[in-house]
Amino acid sequence: MPEPKTAPNIANAEALKKMYEDMLLIRRFEERAGQLYGMGLIGGFCHLYIGQEAVIVGMQAAATPKDQLITAYRDHGHMLACGMSANGVMAELTGREGGYSRGKGGSMHMFSADKKFYGGHGIVGAQVPLGTGLAFANKYRGNDGVCMTYFGDGAANQGQVYESFNMAELWKLPVVYIIENNQYAMGTSVARHSALADFSKRGVSFNIPGIQVDGMDVEAVEAAGKEALSFARSGKGPIILEMKTYRYRGHSMSDPAKYRPKEEAAEVREKRDPIDHFGQKLIQRGVATENDLKEIDTRVKQVVIESADFATTSPEPALAELYTDIVI
Amino acid sequence: MATQILMPALSPTMEEGKLARWLVKEGDVVKSGTILAEIETDKATMEFEAVDEGRIGKLLVAAGSEGVKVNAPIATLLADGEDASAAVTSAAPAAKAEAPKTETPAAAPTAAVAAPAVEIANDPSLPAGTEMVPTTVRIALRDAMAEEMRRDPDVFLMGEEVAQYQGAYKISQGLLEEFGDKRVIDTPITEHGFAGIGIGAAFDGLKPIVEFMTWNFAMQAMDQIINSAAKTRYMSGGQMSCPIVFRGPNGAAARVGAQHSQDYANWYSSVPGLKVIAPYFAADAKGLLKAAIRDPNPVIFLEHEIVYGRTFDVPKMDDFVLPIGKARVVKEGKDVTIVSYSLGVGLTLEAVEKLEAEGISCEIIDLRTLRPLDIDTVIASVKKTNRIVTVENCWPFGSPGTEVASQVVAQAFDYLDAPPGKVTGKDVPMPYANNLEKAALASVDDVIAAVKAVCYRS
Ligand SMILES: Cc1ncc(C[n+]2csc(CCOP(=O)(O)OP(=O)(O)O)c2C)c(N)n1
Ligand SMILES: [Mg+2]
């Protein structure tokens, strides 16, 4: 193992270890969610974020508490990374009273006004105008916040995305569009669904700048995130970050992922895994020891086991909840 | 302490499956992510991964076993230093905590109904002695499309994942192989765009079948369906035609939440310029889909995911086409008329079995087509039974059942011995929680209660 060239900066070291821990929490949480699904304790669709952890964790490291975020249905990682509790998320997955939507939303539909997390949306592309509207509100109020609007490579083809792009640039709205290009929209590869595969260029005809980022490298994401957020915050309007990433699992729990060779996922896992590689880097730089990482793993596992316990012992919602929260 | 590895549920509607193949053997060390086995569901073969680390103790279920129930133990997992004889003291960590009030976890509503004990009347339109072939609704729909595509080169299929993936719900299985990528076309996720492209192609005389992965996503395309497809014949003074079929699963599957569970029967049936079909039986799915593809109008074809895997008789005929707009008397009876369509017919059959055991004789009408509505068949029945209950799963406001009741009251008021009864989905967005979802859907008990109410029985 090479010696660290410079003594690590302590404050920075803590921040780096925190990013490692946040990514690992998502990974272990998702593995457990997959298991609970297999046991029939989670129902419906369940879209795991395994492989993409660096995107949300890097962005959250760049964001400030003023900034909002909104995404689609592959949302468990976003919620954990913005500080929502593992217990509340897992209990929503099991449809229990202790869940963020008191069991009424499920995996795809969770929110936290407190953490400025605006969902959790099941309709592909629908969150893009919504995120643009949150940015509109920021500008209207003059509050300096930026809305981070996440969507997939598949969603990037929906018409409402381009309606939003146009207005966002026209009105110089403080929004960062983060395209999580994990190479597939369900079973359709980017090459088969997109006439222009470089998503960072999707804003060209609206004059929106875009940057391609290695979405498997949490530090690269953080750096690009800082740049984009400050661009949007300074009144220059929207900007696009294309995150090159990969989902290891099927689209949802019931997708056998037969449309790609097994070796493809195995190779990404081997060569670009965002967590393993970042862990190795931390050790090489002397920021963390093998033992530190083990301790983090133990801590994270404990959080996840507790969340599974909470999520399976929290009661189902009361039947009266069927008719609450419709209109007030 | 050895733990059990349980048979996983691998889709929203799976209750049992086949353990196709073990990829580990007794004694193997596994860790999170190790692939343990291949498991077949009704739709796919899935790999099943380990979450916990340990060593495989015993394989409890042999490879090739069919019908293994979800949550049945399939292997034991040993911790460090244990041998295979270690007593199994607990299930996998989270399994021990059963939900306080949960009954069966994540069971699909009324999934896997056995062939109903209620005698189903033969379709009078069939020649006597026609051979019947048990077929799933899924295959019946596929066959309908394949037959029409063989017959008419202007018919093509377009939608998300319909070609290479063979359909998100496997309805288009084999079509890409037979007809090629000119006629079986994968689209990007752009419903508004490809619905419009289909409609434009239909203006030029092609006969597109546009699949929506589910009808929930057709809301993106609603403007094209209503403003362009439904109204153009009228607006053009009859010059323009739009021979297109929009099809896909409608209504709630199992626990997919409010944005993925809506039933659109009332929306589309309210639109002049559309025909709307919502079959239950496989034969109707086939005969009516063929008719829809040949029809010169835009046709909305509402399927149901829960019904896809159900098996019914389909007549073996070279060209089995049914008339659009004709209801079918599924079973004759004297005390009450129950009018339904789509999955509601399955609910009705289950309820009727119990009602007849209590001495209430039920006539069941399957509307099959919602627009145009075959009200004559309903009125004739009500004149005989003097009571009517409608059964459906959409929201109550302005539902097809509401329309049936209104027309019955207008045309046969004097024949009614009780106000019409109505069973629908509850007037709420679909909740995710298992208990709330069950409560939100129309149930067999709801049907029984409504029938008893119109018969003044308790
Ligand atoms: C409007 C709409 N159409 C179709 C779907 C079904 N669907 C859900 S996710 C998905 C693929 C989306 O792919 P992408 O945007 O790349 O996101 P990823 O799943 O890769 O995160 C599809 C087709 C939907 N939910 N909404
Ligand atoms: Mg994608």
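What counts, and where the lines are drawn
Residues numbered from 1 in each chain as written. Chains lettered and ligands numbered in written order. Predicted model: local features only at pLDDT ≥ 70, side-chain atom pairs only at ≥ 80, totals over all residues. Heavy atoms only, no water. Phe/Tyr/Trp six-rings, centres within 6.5 Å; stacked < 30°, edge-to-face > 60°. Helix = DSSP H or I, 4+ residues; strand = E, 2+ residues; numbered from the N terminus. Buried < 20%, exposed > 50% of the residue type's maximum accessible area, 1.4 Å probe, protein only. Lys NZ or Arg CZ within 6 Å of the ring centre and 35° of its normal. Core = buried A, V, L, I, M, F, W, Y, C linked by side-chain atoms within 4.5 Å. Contact = heavy atoms within 4.5 Å. Near = heavy atom within 4 Å. Polar contact = N/O pair within 3.5 Å; in protein donor to acceptor, adjacent residues only side chain to side chain. Nonpolar A, V, L, I, M, F, W, Y, C, P; charged D, E, K, R; others polar. Patch = residues over 30% accessible without salt bridge, like charges linked within 9 Å, V, L, I, M, F, W, Y side chains within 5 Å. Areas by Shrake-Rupley, 256 points an atom, 1.4 Å probe, with all protein chains shown as cover. Salt bridge = Lys/Arg side-chain N within 4 Å of Asp/Glu carboxyl O. Axes fitted to C-alpha atoms, helices over the stretch in contact; angles between N-to-C directions. Parallel < 35°, antiparallel > 145°, perpendicular 65-115°, else oblique. Left-handed = near helix turned anticlockwise from the far one by under 90°. Pairing = 2+ DSSP bridges. Buried area = accessible area lost by both parts, 1.4 Å probe.

Even after reading the chapter, I still don't get the packing of aromatic side chains, so can you show me in this structure?
Note on aromatic pairs: each is described by the distance of the centres and the angle between the planes. Here the structure, examined in full by the defined rule, presents 20 aromatic pairs over all chains. With a centroid separation of 5.2 Å and 75° between ring planes, the pair formed by Tyr162 of chain A and Phe165 of chain A is classed as edge-to-face. In this pair, Tyr162 of chain A and Phe165 of chain A are both assigned in helix α6 (residues 159-170), three residues apart and thus about one turn of the helix distant. For Phe165 of chain A, a relative accessible area of 0% corresponds to the buried category. Connected via pairs of aromatic rings, a cluster forms that spans Phe194, Phe212, Trp215, Phe246, Tyr264, Trp267 and Tyr268 of chain B. For the cation-ring pair, Arg255 of chain B lies above Tyr432 of chain B, with the distance from its terminal atom to the ring centre recorded as 4.3 Å.

Looking at this structure, how should I read the nonpolar core?
Note that soluble globular proteins tend to have their nonpolar side chains buried in a common cluster. In this structure, Phe151 of chain A together with Val184 and Val451 of chain B are the most contacted members of the largest nonpolar core, which totals 100 residues. Of all the elements, helix α7 (residues 282-294) of chain B adds the most residues to this core, at eight residues. The residues contacting Val184 of chain B, other than those within four sequence positions of it, are Met149, Leu157, Val162, Ala163, Leu175, Leu176 and Phe179 of chain B. With 79 residues, the next largest nonpolar core counts Leu69, Ala91, Ala265 and Leu293 of chain A among its residues.

In this structure, what is going on with the site of ligand 1? I would like to understand it.
Neighbouring ligand 1 are 22 residues; Tyr73, Arg74, Ala155 and Asn182 of chain A together with Glu191 of chain B lie closest to it. Contact distances for ligand 1 include 3.0 Å between a nitrogen atom and a backbone N or O atom of Val124 of chain A. The contact in question runs from an oxygen atom of ligand 1 to an N or O atom on the backbone of Tyr184 of chain A, over 3.0 Å. Class assignment for the residues of the shell around ligand 1 results in 10 nonpolar, eight polar and four charged.

Just to check I follow, could you spell out a nonpolar patch on the surface for this structure?
Together, Phe136, Tyr140, Met167, Leu170 and Trp171 of chain A give the surface a local cluster of nonpolar side chains, amounting to about 580 Å² of exposed area. Relative to the assigned elements, Phe136 of chain A resides in helix α5 (residues 127-141).

Help me understand the packing of helix α1 (residues 10-38) of chain A against helix α10 (residues 274-284) of chain A, please; the structure alone is not making it clear to me.
To describe two helices that pack against each other, one gives the angle between their axes and the distance between the axes. All names here are of chain A. Here α1 crosses α10 at 155°, and the two axes come no closer than 10 Å. By the angle between their axes, α1 is roughly antiparallel relative to α10. In this structure, α1 meets α10 at a crossing whose hand is left-handed. Here Leu16, Lys17, Met19, Tyr20, Met23, Leu24 and Arg27 of α1 lie close against α10, whose contacting residues are Pro274, Ile275, Phe278, Gly279 and Leu282. Per-class residue counts for the contact of α1 with α10 are nine nonpolar, one polar and two charged.

Just checking my understanding: could you explain the sheet that holds strand β11 (residues 155-159) of chain B for this structure?
Within a sheet, neighbouring strands are paired by backbone hydrogen bonds and run either parallel or antiparallel to one another. Residues and elements named next belong to chain B. Strand order in the open sheet formed by seven strands is β12-β11-β13-β14-β16-β15-β21, and the pairing between neighbours is mixed. Since the sheet does not close on itself, it has two edges, and those belong to β12 (184-186) and β21 (369-371), each with one partner. Neighbour-to-neighbour, the strand axes of the sheet open up by a mean angle of 20°, direction not taken into account. Here β11 runs beside β12; their pairing, made up of three bridges, is parallel. Looking at the pairing, Leu157 lines up with Val184 of β12. Sitting on the sheet, helix α1 (residues 137-151) touches β11, β12, β13 (207-211), β14 (245-249) and β16 (299-303), and the angle it makes with β11 is about 135°. Contacting β11, β13 and β14, helix α3 (residues 191-203) crosses the sheet at an angle of about 165° to β13.

Help me understand the environment of Arg27 of chain A, please; the structure alone is not making it clear to me.
Residue and element names in this part refer to chain A. Residue placement: Arg27 occurs in helix α1. The exposure class assigned to Arg27 is buried, which follows from its relative accessible area of 7%. Along the primary structure Arg27 and Asp217 are separated by 190 residues, whereas in three dimensions their C-alpha atoms are 15 Å apart. Within the structure, the side chain of Arg27 is placed 2.6 Å from the side chain of Glu53, a separation counted as a polar contact.

Looking at this model, I keep getting lost on the environment of Ala168 of chain B. Mind explaining?
Residues and elements named next belong to chain B. Mapped onto the fold, Ala168 is located in the loop between β11 and α2 (175-179). Judged by relative accessible area, which is 17%, Ala168 ranks as buried. C-alpha separation for the pair Ala168 and Lys43, spaced 125 residues apart in sequence, amounts to 9.1 Å. Setting aside residues no more than four positions away along its own chain, Ala168 makes contact with Lys43, Glu161, Glu211 and Met213.

Would you take a moment to explain the interface of chain B and chain A for this structure?
Quoted interface sizes are often the accessible area lost when the parts come together. Taken together, the contact pairs 63 residues of chain B with 62 residues of chain A. Summed over both sides, the interface between chain B and chain A buries roughly 5000 Å², with carbon and sulfur atoms accounting for 57% of that surface. Linking chain B with chain A are four salt bridges, by the criterion used here. Measuring nitrogen to oxygen at the nearest pair gives 2.9 Å for the salt bridge that ties Glu47 of chain B to Lys262 of chain A.

Please clarify how the sheet that holds strand β5 (residues 45-49) of chain B should be interpreted in this entry.
Residues and elements named next belong to chain B. Taken together, the four strands give an open sheet; going across it, the order is β5-β4-β2-β7, and neighbouring strands pair in antiparallel fashion. Looking at the sheet topology across the chains shown, the edges are occupied by β5 and β7 (65-69). Mean inter-strand twist for the sheet, computed between neighbouring axes without regard to direction, equals 40°. Taken together, the four bridges between strand β2 (residues 16-22) and strand β4 (residues 35-40) define a ladder with antiparallel strand orientation. If you follow Trp22 over to β4, its bridge partner there is Ala37.

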